[in-house]
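Read off the chains here:
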Amino acid sequence: MANPFQFLQDVRSEASKVVWPTRRETMITSGLVVLMVLAASLFFVVVDQGLRLAVGLLLKIGQ
């Protein structure tokens, strides 16, 4: 087992290799996430309303 001091040095060395996104990249990515959430929610609203209509028609036929 490696000693804790060597482990901490390795962690610091690996952490220094991390490349953080720029502010522009973060804003673009966040905008795309919001856009995809809106698109998915719109899709599920349409599917939900279609299924509600279909079930309503089936139940009306059964009366």
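Placed above this text is the structure.
Residues numbered from 1 in each chain as written. Predicted model: local features only at pLDDT ≥ 70, side-chain atom pairs only at ≥ 80, totals over all residues. Heavy atoms only, no water.

A.B. asks: Go over the packing of aromatic side chains with me, naming the residues and quoting the values.
C.D. replies: What the rule picks out here adds up to one aromatic pair. Both rings, one in Phe43 and one in Phe44, keep their centres 5.2 Å apart while their planes meet at 70 degrees; by these two values the pair is edge-to-face. (Phe/Tyr/Trp six-rings, centres within 6.5 Å; stacked < 30°, edge-to-face > 60°.)

A.B. asks: Now, about the environment of Val46: what can you tell me, with residues and values included?
C.D. replies: Looking at the element boundaries, Val46 is found in helix 2 (residues 23-61). On the basis of relative accessibility, which here comes to 54%, the residue Val46 falls in the exposed class. Here the alpha-carbon distance between Val46 and Gly56, two residues 10 residues apart in the chain, equals 15 Å. (Helix = DSSP H or I, 4+ residues; strand = E, 2+ residues; numbered from the N terminus. Buried < 20%, exposed > 50% of the residue type's maximum accessible area, 1.4 Å probe, protein only.)

A.B. asks: Residues and numbers for the pattern of salt bridges, please.
C.D. replies: A full pass over the atoms with the stated rule returns one salt bridge. Note that Glu14 and Lys17 form a salt bridge whose closest N and O atoms lie 3.2 Å from each other. For Glu14, a relative accessible area of 47% translates into the label partly exposed. With relative accessibility at 54%, the residue Lys17 sits in the exposed group. (Salt bridge = Lys/Arg side-chain N within 4 Å of Asp/Glu carboxyl O.)

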